[in-house]
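Below are the chains, spelled out letter by letter.
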Amino acid sequence: MHPVLFKIGGFELRTFGLMLVIGFLLSILWSLKRAERYGISRDKILDLSFWTLLSGILGARIAFVLQEWSYYSSRPQELWTLKFEGLTSFGGFILGGIVMLLWCRRNRISPIQIFDLAGPPALLAHSVGRLGCFFNGCCYGVPCPPPLGVHFDGLVGTHHPAQLYDMAMSLAGLVGIVMLEKRPGWLPGFSLAGFFIVFGLSRFIYEFWRAGTLAQVRAGIASSTYWGSLPITEAQAMALAFVLFGLAVGFVSARRTNRSVPLESTPT
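Residues numbered from 1 in each chain as written. Predicted model: local features only at pLDDT ≥ 70, side-chain atom pairs only at ≥ 80, totals over all residues. Heavy atoms only, no water.

Undergrad: Would you mind showing me how to read the packing of aromatic side chains here?
TA: The geometry of two aromatic rings is summed up by the distance between their centres and the angle between their planes. The final tally for this structure, using the stated rule, is 16 aromatic pairs. Relative to Phe-152, the ring of Tyr-140 lies with its centre 5.8 Å away and its plane at 35 degrees, an arrangement referred to as tilted. Here Tyr-140 is found in the loop between α5 (111–136) and α6 (162–181), whereas its partner Phe-152 is found in the loop between α5 and α6, with twelve residues between them in sequence. Tyr-140 gets classed as partly exposed once you look at its relative accessible area, which sits at 25%. The structure contains a cluster of three or more aromatic residues connected by ring pairs, namely Phe-90, Phe-93, Phe-195, Phe-196, Phe-199, Phe-242 and Phe-245. In this arrangement the basic side chain of Arg-34 is found over the ring face of Trp-30, its NZ or CZ atom lying 5.6 Å from the centre. (Phe/Tyr/Trp six-rings, centres within 6.5 Å; stacked < 30°, edge-to-face > 60°. Helix = DSSP H or I, 4+ residues; strand = E, 2+ residues; numbered from the N terminus. Buried < 20%, exposed > 50% of the residue type's maximum accessible area, 1.4 Å probe, protein only. Lys NZ or Arg CZ within 6 Å of the ring centre and 35° of its normal.)

Undergrad: How should the confidence of the model for the protein chain be read in this particular structure?
TA: Interpreting fine coordinate detail is not advised for predicted regions of low pLDDT. Residue-level pLDDT values for the protein chain average 85, and 86% of them are 70 or greater. Under a pLDDT of 50 for its full length, residues 214–218 has, in the predicted model, 20 contacts with residues more than four places off or in other chains. For residues 261–268, every residue scores under 50 in pLDDT, and the model assigns this stretch zero contacts once sequence neighbours within four places are set aside. (pLDDT = per-residue confidence, 0-100. Contact = heavy atoms within 4.5 Å.)

Undergrad: What should I look at first to understand the pattern of salt bridges in this one?
TA: Side chains carrying opposite charge are able to pair once their charged atoms draw close together. Evaluated as defined, the whole model comprises five salt bridges. The partner of Arg-37 in a salt bridge is Glu-181, and the shortest N-O contact between them spans 3.5 Å. With Arg-37 in the loop between α1 (15–35) and α2 (42–67) and Glu-181 in helix α6, this pair connects stretches of sequence that are 144 residues apart. Members of the salt-bridge network, linked through shared partners, are Arg-34, Arg-37 and Glu-181. (Salt bridge = Lys/Arg side-chain N within 4 Å of Asp/Glu carboxyl O.)

Undergrad: It is not clear to me how a nonpolar patch on the surface should be interpreted in this structure. Could you clarify?
TA: There is a patch of nonpolar side chains on the surface, built from Leu-5, Phe-6, Ile-8 and Phe-11 and spanning about 410 Å² of accessible area. Counting residues per element, the nonpolar patch draws most heavily on strand β1 (residues 4–8), at three residues. Summarising the element assignment, Ile-8 is placed in strand β1. (Patch = residues over 30% accessible without salt bridge, like charges linked within 9 Å, V, L, I, M, F, W, Y side chains within 5 Å. Areas by Shrake-Rupley, 256 points an atom, 1.4 Å probe, with all protein chains shown as cover.)

Undergrad: How should I be thinking about the side chain of Asp-116 in this particular structure?
TA: As for its placement among the helices and strands, Asp-116 is situated in helix α5. At 6.8 Å, Arg-34 is the nearest oppositely charged side chain to Asp-116, a buried residue that forms no salt bridge. Those residues in contact with Asp-116 that lie beyond four places of it in its chain are Arg-34, Tyr-38, Glu-181, Leu-187, Pro-188, Gly-189, Phe-190, Ser-191 and Leu-192. (Lys, Arg positive; Asp, Glu negative; His and termini not counted.)

Undergrad: Is there a simple way to think about the packing of α2 against helix α4 (residues 89–107) in this case?
TA: The contact between α2 and α4 brings their axes to 7 Å, and the two run at 145 degrees. Of the two elements, α2 crosses α4, and the hand of that crossing is right-handed. Across from Lys-44, Asp-47, Leu-48, Trp-51, Thr-52, Ser-55, Gly-56, Leu-58, Gly-59, Ala-60 and Ala-63 in α2, the residues of α4 making contact are Gly-91, Gly-92, Leu-95, Gly-96, Val-99, Met-100, Trp-103 and Asn-107. By residue class, the composition of the contact of α2 with α4 is nine nonpolar, eight polar and two charged. (Axes fitted to C-alpha atoms, helices over the stretch in contact; angles between N-to-C directions. Left-handed = near helix turned anticlockwise from the far one by under 90°. Nonpolar A, V, L, I, M, F, W, Y, C, P; charged D, E, K, R; others polar.)

The structure is reproduced here in C-alpha cells:
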C-alpha cells in the first residue's frame, strides 16, 4: 500500500487525500459537460460544486465523529484534521444533498434537474475515493488467502480488497445508469433514483466483506456489530434506507410524469 506518495520536510502528500481531490475534479468536469443537457449554466455548476464540496467533506467528518463518539469524546484534540482521515460517505452525501437543496431554492432551479445531473458524477467521485481507500490501506476486508487476498501494511496475512469490490460495483452501476439515460422513456428523477439505488446496494453488499462487520463476527474475530436486534450493521441499515429512498424517488417520478401526459382523444 502507499498511504503517503511523498514527503518533503514536514509536508506529506497522502494518497487518500489526492484521490479524493481527483474524484471531485472528475465529477465537476463531468457535471460541466452534462450541464448543457439539463439547461444549467456552467457558472452555476461551478458555484454549486464549491458549496457541495465543502459541505460533503464536513458532513462526512461529522458523521464519522458521531459514529465513533466513544473514541472522540475522550480525545477532543483529534476531532478535526486536515488529512482527510476519518470520513464516512453517508454523511457526505446527506449534508451535501441538503446544501444542494438549499442552493436550488436560492437560485430557483429545479432540484430534480440538479440531482439528475449530479447523480452519476457523484458515483464516479465515490469510486475514485474507494481507490484512495485501497492505497491508503483503510476499509479493508476480512482475512482471505491469495490470489484474492491482498497484504495491507500493518496487518498479518492477506485480506479481501473490499474497497475495490465496492468500487467495481459502483462503476458497474454507473455504466448502467449512463446507458439507460440514452434510452427513450428515461424520466426526470430516474438518474437521482439510480444513484441512491446503486450506492445503497453496493454499500450493503460491500459490508459483508469489510473487516469489523458481520463477516468478522461470523469468523469469530469480533463481537456482535448488529444494528439493534436485526442481523445487519448500522451501515447496512443506512444503505437499505438509501435504496428504499431511491425506489421511492423513481416511483414518484414515474407517477408524476404519467399524470402530466394528457390522454389521447378517442375518435368517435
